[in-house]
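Each chain, letter by letter, is given below.
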Amino acid sequence: YHYLTNLPKVLKPFFNIKLDIDVRNSHPLLFSYFLIKEYNISNDIVISLFNISYNTHYDVNELRNELINKHLDVPSKKDLPNDIIDYIYKVQHGLFYNEFLDIFKDLERSEVKQKVFADVFYTHKRTTHGSAFCEAFRDKYPNVWSLILRLRKEIEKPQPLEKIKVGAFNVPIYDEAKSDNLANRMMRLESEIFHKVLIACWERHICAVNIHDAVIVLDIADSKTIAPDVIKSIIEAIYHSYGLYPSLNIEIG
């Protein structure tokens, strides 16, 4: 964290920023990392979903058929449910929040993102009760929601290493290294990815920092010849090494 981390967007034009490249739908995309592992989805399928151009007329059955037409070994709907395919496709193409904007028309995009973070990915609750966002998410992505709940339970409630006698009670002792929560695990994954992105930039003598899911290149003499595609290719290469295929938004200062 540094002074740019919590910088209000309205102040960014007053700083010496040459490039601002961020990952669209970053945290929803990060969760697809767990989906890919859980459902053992091949990299060929993940890449093919990324390479299917967005079409507003697509439904998820057509996406599945597109994959089958590419002669990929696509698991059955039981082994790879349609909503998992739909979710991965949407987060790869930066379309995830659009559906919630259509449902919650009175909210701004930033408000929708904040509510999805708080109510879906970062809450400790294991029910949709009291949250219209959780209910909307569960209805659209029931199997994704099921995995969120299962991981939340497994990660946040690890099996005790042992039990010790304290008076009349058997008290469980947990491995603190495994006492975690899903939100921290996702943020740690993001941090690990961007640590590698920044190292790759610095090795190329690029003066860059990150703000969460964005890489900022400062507008100094050494950055004059840095093209956006160079940073873009670095980010993509690191994400690809994790089996993730992001869409990037590029702003030139």
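Our structure's up above, just so we're on the same page.
Asks: Got a minute to help me understand the packing of helix α5 (residues 96–103) against helix α6 (residues 109–121) in this structure?
Replies: Angle between the axes and distance between the axes are the two parameters that describe a pair of packed helices. Viewed as axis vectors pointing N to C, α5 and α6 meet at an angle of 105°, and their least axial separation amounts to 10 Å. Taken together, the axes of α5 and α6 are roughly perpendicular relative to one another. The segment α5 lies against α6, with Phe96, Tyr97, Asn98, Phe100 and Leu101 engaging Arg109, Val112, Lys113, Val116, Phe117 and Phe121. Partitioning the contact of α5 with α6 into residue classes produces eight nonpolar, one polar and two charged.

Asks: Explain helix α3 (residues 60–69) to me, please; I cannot follow it from the model alone.
Replies: Note: α-helices contain 3.6 residues per turn, so residues at a spacing of three or four share the same orientation. Here α3 has its buried residues at Val60, Leu63, Arg64 and Leu67. For α3, the angular spread of the buried residues around the axis is 100°, confining them to a single face. On its buried side, α3 packs onto α2 (43–51) and α4 (82–92). For α3, the N-terminal cap is Asp59; the gap from its side-chain oxygen to the backbone nitrogen of Asn61 is 3.1 Å. Just past α3, the residue His71 takes up positive phi, approximately 60°.

Asks: For this particular structure, what's the right way to read the pattern of salt bridges?
Replies: Proximity of charged atoms lets side chains of opposite charge pair with each other. Overall, the coordinates contain 10 salt bridges when judged by the stated rule. Close ionic contact of Asp139 with Arg138 constitutes a salt bridge, the shortest N to O distance being 3.3 Å. Overall, Asp139 belongs to the exposed group, its relative accessible area being 57%. The partner of Glu236 in a salt bridge is Lys232, with the nearest N and O atoms 2.8 Å apart. Of this pair, Glu236 and Lys232 are both found in helix α10 (residues 228–241), four residues apart, which corresponds to roughly one turn of the helix. On the basis of relative accessibility, which here comes to 18%, the residue Glu236 falls in the buried class.

Asks: Please clarify how the environment of Ser42 should be interpreted in this entry.
Replies: Inspection of the secondary structure assignment puts Ser42 in the loop between α1 (26–38) and α2. With 33 residues separating them in the primary sequence, Ser42 and Pro75 have C-alpha atoms 9.9 Å apart.

Asks: What is the right way to look at the packing of α2 against α4 in this model?
Replies: With their axes 9 Å apart at the nearest point, α2 and α4 run at an angle of 55° to one another. Classified by the angle between their axes, α2 and α4 sit oblique to one another. Between α2 and α4 lies a crossing whose hand is right-handed. In this structure, α2 contributes Val46, Leu49 and Phe50 to the contact, and α4 contributes Ile85, Ile88, Tyr89 and Gln92. A breakdown of the residues in the contact of α2 with α4 according to their chemical character gives six nonpolar, one polar and no charged.

What counts and how
Residues numbered from 1 in each chain as written. Predicted model: local features only at pLDDT ≥ 70, side-chain atom pairs only at ≥ 80, totals over all residues. Heavy atoms only, no water. Axes fitted to C-alpha atoms, helices over the stretch in contact; angles between N-to-C directions. Helix = DSSP H or I, 4+ residues; strand = E, 2+ residues; numbered from the N terminus. Parallel < 35°, antiparallel > 145°, perpendicular 65-115°, else oblique. Contact = heavy atoms within 4.5 Å. Nonpolar A, V, L, I, M, F, W, Y, C, P; charged D, E, K, R; others polar. Buried < 20%, exposed > 50% of the residue type's maximum accessible area, 1.4 Å probe, protein only. Arc of directions from axis to C-beta. Polar contact = N/O pair within 3.5 Å; in protein donor to acceptor, adjacent residues only side chain to side chain. Salt bridge = Lys/Arg side-chain N within 4 Å of Asp/Glu carboxyl O. Left-handed = near helix turned anticlockwise from the far one by under 90°.

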